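Chain by chain, the residues:
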Amino acid sequence: MQRNGGGGGVGGQPWVLRRVRLTWLSFTLFFILVFFPLIAHYYLTTIDEAGGPDKRIFGPRPGGELCEAKHVQDLCRIRESVSEELLQLEAKRQELNGEIARLNLRIEACKRSIDSAKQDLLQLKNVISQTEHSYKELMAQNQPKLSLPVRLLPDKEDPGLPPPKSARSCRLRSCFDYARCPLTSGFPVYVYDTGSYPWGEYLDPLVKQAFAAAVKSNIYVTENPSIACLYMVLVGEIQESSSTTLSPSELEKQLKALPYWRSDGHNHVLVHLSRKSMTQNFLYNVSAGRAAVAQSTFLEHQYREGFDLVVSPLVHALSEPNFLEVPPQVPVKRKYLFTFQGERVESLRSSLQEAPPQSFEEEMEGDPPADYDDRIIGTLKAVQDSHLDQVLVEFTCKNPRPSLPTEWALCGEREDRLEVLKASTFALVIAAGDGQVVASGGFGMRLFEALEVGAIPVVLGDHSKLPYHQFIRWSEAAIIVPKPRVTELHFLLRSLSDNDMLAMRRQGRFLWETYFSTSENVLNTILASIRTSIQVPAAPIKEEPAQEIPHKAGKLAGTDANLADNGDLDLGPVETEPPYASPRFLRNFTYTAADTYRAWNRAPGPFHLFPHTPLDPVLPSEAKFLGSGTGFRPIGGGTGGSGKEFQAALGGNVPREQFTVVMLTYEREEVLMNSLERLNGLPYLNKVVVVWNSPKPPSDDLLWPDIGLPIVVVRTEKNSLNNRFLPWDAVETEAILSIDDDAHLRHDEIMFGFRVWREARDRIVGFPGRYHAWDVNHQSWLYNSNYSCELSMVLTGAAFFHKYYAYLYSYVMPQAIRDMVDEYINCEDIAMNFLVSHITRKPPIKVTSRWTFRCPGCPQALSHDDSHFHERHKCINFFVKVYGYMPLLYTQFRVDSVLFKTRLPHDKTKCFKFI
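Residues numbered from 1 in each chain as written. Predicted model: local features only at pLDDT ≥ 70, side-chain atom pairs only at ≥ 80, totals over all residues. Heavy atoms only, no water.

**Q** I'm lost on the pattern of salt bridges in this one. Help?
**A** Oppositely charged side chains are able to pair whenever their charged atoms sit close together. Taken as a whole and assessed by the stated rule, the structure comprises 34 salt bridges. Across the pair Lys276 and Glu237 runs a salt bridge whose closest N-O atoms are separated by 2.7 Å. Here Lys276, found in the loop between strand S3 (268-272) and strand S4 (292-295), pairs with Glu237, found in the loop between strand S2 (230-236) and helix H6 (248-256); they are 39 residues apart in sequence, far enough to count as distant. Judged by its relative accessible area of 22%, Lys276 is partly exposed. In this structure Glu237 comes out as buried when scored by relative accessible area, which is 0%. In this structure, Glu657 and Arg758 form a salt bridge, with 2.6 Å as the shortest nitrogen-oxygen distance. With Glu657 in the loop between helix H19 (644-647) and strand S15 (659-665) and Arg758 in helix H21 (residues 747-759), this pair connects stretches of sequence that are 101 residues apart. Looking at Glu657, the relative accessible area reads 6%, which means it is buried. The exposure class assigned to Arg758 is buried, which follows from its relative accessible area of 13%. (Salt bridge = Lys/Arg side-chain N within 4 Å of Asp/Glu carboxyl O. Helix = DSSP H or I, 4+ residues; strand = E, 2+ residues; numbered from the N terminus. Buried < 20%, exposed > 50% of the residue type's maximum accessible area, 1.4 Å probe, protein only.)

See the structure below:
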């Protein structure tokens, strides 16, 4: 163990020595590196201080001492020269920078001047262009622009007329005093009080009451007889309980005793309204002088063609027809192909004979006149017995109604007859067997009931005069067949297509609603017939007076960059003139003088009953009647061109036109102000009409934006969505852009929609499309707002339409539809689509790919309510019941601008689009 320990001690000694040596070596190097520089620095410093300032080696020297050396003097001179040149260059650089800044300011000023000059030049060009258009319009017009005519009234003193050859030969030209009815007279009508003549107390009370109510609401009636154009006397019908009968001579005497009869009764009309099938021919053998007669029963020698008037019976005297009880117009084909129920006692026995019927040719060869009614009975019985089609013909009645001789009596009660007609595709109306019976009350009653329930009338006997036949094209609503063609009647009825039958049924429904359904319509039609015959235009329809709410305009509205920044697209010229209203009253006399049949028979609206609108529409479908390319006033030609030439002007056949924005709002002031500001700078905008639908007025401190155009705030009587479509007198343009207060549309989209509407003025042109669908499980119609390639409606929250439809919506469309809109506070847009499609038989037009138009971040509207869609389902089905059929039409047509692309969601099926 010691050996090992001692060995370990001896062996470790060299290692210790090496360690000691390394330590001393490290210490020596550290000393040299640290202390040697310090010692050297101290030494040198001591030498400098000992030698004085002139002998310093490391200290600073005086400024010029360095240059005393010859080899550095040249360098100093060069340095000084370069420094001087640098200073000169810096001064020159600063001078040039100042000059550049001044030139830049001049350039900016010149640019601004150029832009201002361009704007002035553009405005001057537009003014020149507008002036040229105005000059061309004035030079092209052969007549001055018309305003509402000054009313001319007749003189109080009546000079009288030369007597005609006989009272039976009376015509308007010989028995009517046109001098009392100037074209601008307004057609004043004076109606005699039924208590002012002796037989008035014997009139049927219901007829008197209904007539008085209709007279009270008529716009033409005047209480001043001295200015009257027409004098109306109610002469019937006489109540059945009255035991008093007037002889013809006594009645003539009482007529002549009327205060304004003027010896011959010219410009008088004697009205006999019947409620029953058996109507007394009260004026038979009575000389009415020069007075016209309006009644439902006439004999041939009594009727004066073109002077007297065949009228419809007064069925609904005091009651309004219930549209919900009227059967629908579809399906077209009903249980029976045709039906007839009636009895003619005189020919009943011969009609039941079993002998085979002879041909009409054989019957006409004999000397005695052919009894066509017997042939009709035999033929119809043969059709019924053949069982080729299900028909119902009955020639005997349990309870026949009283009727004229040779006339077919009505069977049973009215309710029973209507039930049969509701199941009939066609309803036979057989004229009286005696050819001298021109018209009869029973004949008119059959026609009335057939039209009421949608059974297409088939009139057997072309010698009969249908009500108002001078004006109504009955061939569009009824089939008129001579009695000799009864053997071909079955073939004729089976040959009609479903489309033709539906069109006739729809036209018949229009005639019934317009002319026959109520006492007011009957009176209006009688007056309209006479007024149209003497070519006096209708009075302008009443416009809704706009009660404006005063408001304060604030600062000039800005322009939303997202809406107005259109790049290089010029949306239209800058309007430098006052707002331009559409011409008014241009067709006061044209419509009455040239378009009589079209006015009476066109399903859109009865112009003769409902006076013409100040903005009389001339729709593209009517171009053939006007002889112009578009059907609108051909006051100028298009400018043509492309690019900027096309963008800078509307062109077309109406090169100068504007539109009015009608915006409905309800207590959303901030949203409304933002929407109004977005209209700033919109070309072709005439004015903005804000329909304030709240009973609470706007805030007193509310500042309305100044958009450079009038903003008319209209107060409404009640909160109703129908107020959107009232024909406000503040709207002076034909084009209306109906828009919600939260709608968010770009200017280029609005301009594109306006251009499209000008090409289809009779359609609704809008942005969001919707469609209707049939629910097979529930057998009802549904409203659908899903994305679809097919549509049938365009929401009027952002749509263009003609102001003409505002009149029809407010005054012509059935009141039941407007009532439902008020009940649900919903569906006014659906109602307008129903109306326009019913009138035009065309679908709306959708523009752009938009499916919604709500502004982002706006408060939620009524359409977000859960019950919104359920109510719209109910509305569609209710409207179908009122119209009797589904008027909406599907379309796959959509109009897109070629100036931008349509972006579709990646998960949606692409649709074909038409450009």
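**Q** Sorry if this is basic, but what is going on with the state of the cysteines here?
**A** Scanning all chains against the criterion turns up four disulfides. Between the sulfur atoms of Cys181 and its disulfide mate Cys229 the distance is 1.6 Å. Classification of the bridge connecting Cys181 and Cys229 rests on its S-S torsion, roughly 95°, and on that basis the disulfide is right-handed. Taken together, the positions of Cys181 in the loop between helix H4 (172-175) and strand S1 (189-191) and Cys229 in the loop between helix H5 (205-217) and S2 put the pair 48 residues apart, joining distant regions of the chain. As far as burial versus exposure is concerned, Cys181 and Cys229 are alike and both buried. The disulfide bridge from Cys827 ends at Cys875, spanning 2.0 Å between sulfur atoms. Across the S-S bond of Cys827 and Cys875 the torsion is about 80°, and the bridge reads as right-handed. Here the residue Cys827 occupies a position in the loop between helix H23 (815-824) and helix H24 (828-840), and Cys875 occupies one in helix H25 (residues 868-883), the gap between them amounting to 48 residues. Overall, the relative accessible area of 0% leaves Cys875 in the buried class. (Disulfide = S-S within 2.5 Å.)

**Q** What is the right way to read the side chain of Arg180 from this model?
**A** In this structure, Arg180 sits in the loop between H4 and S1. Separated by 3.3 Å, the side chains of Arg180 and Tyr231 make a polar contact. (Polar contact = N/O pair within 3.5 Å; in protein donor to acceptor, adjacent residues only side chain to side chain.)

**Q** Explanation requested: a nonpolar patch on the surface in the structure shown.
**A** Together, Phe30, Phe31, Ile32, Leu33, Val34, Phe35, Phe36, Leu38 and Ile39 give the surface a local cluster of nonpolar side chains, amounting to about 940 Å² of exposed area. Along the chain, the position of Leu33 falls in helix H2 (residues 13-51). (Patch = residues over 30% accessible without salt bridge, like charges linked within 9 Å, V, L, I, M, F, W, Y side chains within 5 Å. Areas by Shrake-Rupley, 256 points an atom, 1.4 Å probe, with all protein chains shown as cover.)

**Q** I keep staring at the sheet that holds S3 and nothing clicks. Help me out?
**A** By definition, the strands of a sheet pair up through backbone hydrogen bonds, in either a parallel or an antiparallel sense. On the basis of which strands lie adjacent, the open sheet formed by five strands has the order S1-S2-S3-S4-S6 and parallel pairing. Both outer strands of the open sheet, S1 and strand S6 (309-310), are each paired with one neighbouring strand and no more. Pairing geometry for S4 and S6, over two bridges, is parallel. Looking across to S6, one finds that Gln295 is bridged to Val310. Contacts from H5 reach S1 and S2, with the element oriented near 160° to S2. Contacting S1, S2, S3, S4 and S6, helix H14 (residues 519-533) runs over the sheet at an angle of about 135° to S2. (Pairing = 2+ DSSP bridges. Contact = heavy atoms within 4.5 Å. Axes fitted to C-alpha atoms, helices over the stretch in contact; angles between N-to-C directions.)

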